[in-house]
Amino acid sequence: MSQQQWRDRYAGALMNTFGPPRLVLTRGSGARVWDADGREYLDLFGGIAVNALGHGHPALVEAVTTQLTTLGHVSNFFATEPQVTLAERLLALLGADGRVFFTNSGTEANEAAFKLTRRTGRTHLVATEGAFHGRTMGALALTAKEAYRAPFEPLPGHVTFVPYGDADALAAAVTDETAAVVLEPVQGEAGVVVPPRGYLAAARRACDAHGALLWLDEVQTGVGRTGTWFAHHNPTLADPVRPDVVTLAKGLGGGVPIGACVGLGDAAVLLEPGNHGTTFGGNPVACAAANAVLDVVEAEGLLEASDRLGKLLADLVGEPEQVVAVEGAGLFVGAQLAGENAAAVVTAAQERGFLLNNTGPARLRFAPPLTVTEADLRAFGDAWAGILDAVHQEDA
Ligand SMILES: *Cc1c(COP(=O)(O)O)cnc(C)c1O
């Protein structure tokens, strides 16, 4: 069946929340995917920074297959080995004592964290402009974008938004009523926006001054995306900072849905028996997938690869004169275009076999698999100036 036929069926059967799909994809391998018409693409988008190991990585396939044929689901009335192992490993990687609550998505990890903050006895939260924390009602209450919020108000209340990266504005917003400050160490949906160095440390100080929790949303930046396990560990992004809560999801399962809300120190025990729950969260198959992701990141040196290849990608992306700024860390790169033609650039790139993503009218986000090769990136680099020129000519 052709892409067009699938598109028609899609439109007739799926809710129109996402707009028409860009492509109908049928197969993936490594950093490549194929559409229903058999065309091949280099995936520089990675399913929104999810496919850390690319598509169909044998270790992930093996881990999921073995777990599914061993024990697929039992509910949280029972414990399973992959879940306990994964929680211990995440705490070890975070380098702190704590406890983990597993979820199925990023927004659910943030819902768990939101509820955890309420157990401080305070209700005020400080979040940032440009932030994205998810689409469920609690996470949406922390997401600034008016277009996402307005149709669903009233949302859970008592949230103050401050400009991202402005340490003084943040400090001024935190009071003795503040339960938590929630921050992305690098804003993802905003298009890979890096705050000034020292911002996270300043947020920590503001929280300490008022007994508030520092909650870092690493849903998009976690698990090697920026070249370190977590963006708040990345010396090029931040001075060492100790969060109270870390939320994870996207890259954690390498494409298998899983999220985690990690409470560190005293925050580990704020949620008590009966306070929260989930049927699927911490499912053994999802946890086995995440354990395999952690194994492969270690075994294949993907933190180092993310760091090294990310620098190459940033250089290649920034070369043409139509790109006015590049920022990011590791294989997480945001590019600011001179003109408001990012959507046309994505389309032109797709026609030439490259999947890109625009997060705004003049903003592109690159988040390829951490397994992408130097040759893949150079192939994109060779095509990149031509893609931008083609769009420029259309505009003229
Ligand atoms: C994607 C994202 C979320 C929401 O994750 P979902 O799995 O889509 O619910 C939350 N926070 C950040 C920083 C994200 O990038």
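Computed from a predicted structure; not experimentally measured.

So, how was this worked out
- Residues numbered from 1 in each chain as written.
- Predicted model: local features only at pLDDT ≥ 70, side-chain atom pairs only at ≥ 80, totals over all residues.
- Heavy atoms only, no water.
- 1 Å grid on protein atoms, 1.4 Å probe; cavity = no way out; pocket = protein on both sides within 12 Å on 5 of 7 lines; lining within 4 Å.
- Points joined across faces, edges and corners; volume = space filled by probe spheres on them.
- Helix = DSSP H or I, 4+ residues; strand = E, 2+ residues; numbered from the N terminus.
- Polar contact = N/O pair within 3.5 Å; in protein donor to acceptor, adjacent residues only side chain to side chain.
- Contact = heavy atoms within 4.5 Å.
- Salt bridge = Lys/Arg side-chain N within 4 Å of Asp/Glu carboxyl O.
- Buried < 20%, exposed > 50% of the residue type's maximum accessible area, 1.4 Å probe, protein only.
- Phe/Tyr/Trp six-rings, centres within 6.5 Å; stacked < 30°, edge-to-face > 60°.
- Near = heavy atom within 4 Å.
- Areas by Shrake-Rupley, 256 points an atom, 1.4 Å probe, with all protein chains shown as cover.
- Core = buried A, V, L, I, M, F, W, Y, C linked by side-chain atoms within 4.5 Å.
- Domains from an automatic or database assignment.

Chemist: So what exactly am I meant to see when it comes to the layout of surface pockets here?
Modeler: Rolled over the atoms, a probe sized like a water molecule indicates the empty space that remains. Considering only enclosed or pocket space, the second largest pocket measures out at about 560 Å³ in volume. Lining the second largest pocket we find 26 residues, and of these Val100, Phe101, Phe102, Leu271 and His276 sit closest to its centre. Of all the secondary structure elements, the ones that give two or more residues to the lining of the second largest pocket are helix H4 (81-94), strand E4 (98-103) and strand E10 (259-264). A total of four residues in the lining of the second largest pocket trace back to one element, the largest contributor, which is E4.

Chemist: Can you walk me through unusual backbone geometry in this structure?
Modeler: It is generally the case that most residues other than glycine have a negative phi and that most peptide bonds are trans. Going from Glu153 to Pro154, the amide bond is cis rather than trans, its omega being 5°. Among the secondary structure elements, Pro154 is positioned in the loop between helix H7 (146-149) and strand E6 (159-162). A positive phi angle, close to 65°, is found at Ile48, a residue other than glycine. Even without glycine at this site, Val192 takes up a positive phi of about 65°.

Chemist: Looking at this structure, I do not really get the side chain of Asp217. What am I missing?
Modeler: By secondary structure assignment, the location of Asp217 is in strand E8 (residues 213-217). Here the side chain of Asp217 touches Val219 through a polar contact of 2.9 Å, landing on its backbone nitrogen. If we skip the residues at most four places from it in the chain, Asp217 touches Asn110, Phe132, His133, Leu183, Glu184, Pro185 and Thr247.

Chemist: Hey, could you run me through the pattern of salt bridges in this one?
Modeler: Close approach of charged atoms lets side chains of opposite charge pair. The tally for this structure, following the rule as stated, stands at 16 salt bridges. Residues Asp239 and Arg197 are paired through a salt bridge, measuring 2.5 Å at the closest nitrogen-oxygen approach. Linking Asp239 in the loop between E8 and strand E9 (245-248) with Arg197 in the loop between strand E7 (178-183) and helix H9 (199-210), this pair joins segments that are 42 residues apart in sequence. On the basis of relative accessibility, which here comes to 30%, the residue Asp239 falls in the partly exposed class.

Chemist: Please explain the packing of aromatic side chains as it appears in this structure.
Modeler: By convention here, two paired aromatic rings are described through the distance between centres and the angle between planes. Summed over all chains, the structure comprises six aromatic pairs. Between Tyr164 and Tyr199, the ring centres sit 5.5 Å apart and the planes meet at 75°, which makes this aromatic pair edge-to-face. Of the two residues, Tyr164 is situated in the loop between E6 and helix H8 (167-173) and Tyr199 in helix H9; the sequence distance between them amounts to 35 residues. Relative accessible area serves as the criterion here: at 3%, Tyr199 is assigned to the buried category. Judged by centre distance (5.4 Å) and plane angle (70°), the rings of Phe354 and Phe380 are edge-to-face. Taken together, the residues span a long stretch of sequence, with Phe354 in strand E13 (residues 354-355) and Phe380 in helix H13 (residues 374-395) at a distance of 26 residues. Residue classification places Phe354 among the buried residues on the basis of a relative accessible area of 8%.

Chemist: How should the site of the ligand be read in this particular structure?
Modeler: Around the ligand, a shell composed of Ser105, Gly106, Thr107, Asn110, Phe132, His133, Gly134, Glu184, Asp217, Val219, Gln220 and Lys250 is seen. Gly106 has a polar backbone atom sitting 2.8 Å from an oxygen atom of the ligand. A distance of 2.6 Å separates an oxygen atom of the ligand from a polar atom in the side chain of Gln220. In isolation the ligand has 380 Å² of accessible area, and contact with the protein removes 83% of it. With three residues, helix H5 (residues 106-118) is the single largest residue contributor to the shell around the ligand.

Chemist: Would you mind going over the nonpolar core with me for this structure?
Modeler: One broad trend across soluble globular proteins is that nonpolar side chains are buried collectively. Judged by nonpolar contacts, the single largest core of 66 residues is most densely connected at Phe366, Phe380 and Trp384. For this core, the leading source of residues is helix H10 (residues 284-299), giving ten residues. Looking at this core, you find at least three residues from each of domain 1 (3-57 + 301-395) and domain 2 (59-299). Those residues in contact with Phe366, other than ones at most four positions away along the chain, are Leu44, Leu313, Val317, Leu331, Phe332, Val333, Ala335, Leu356, Phe380 and Trp384.

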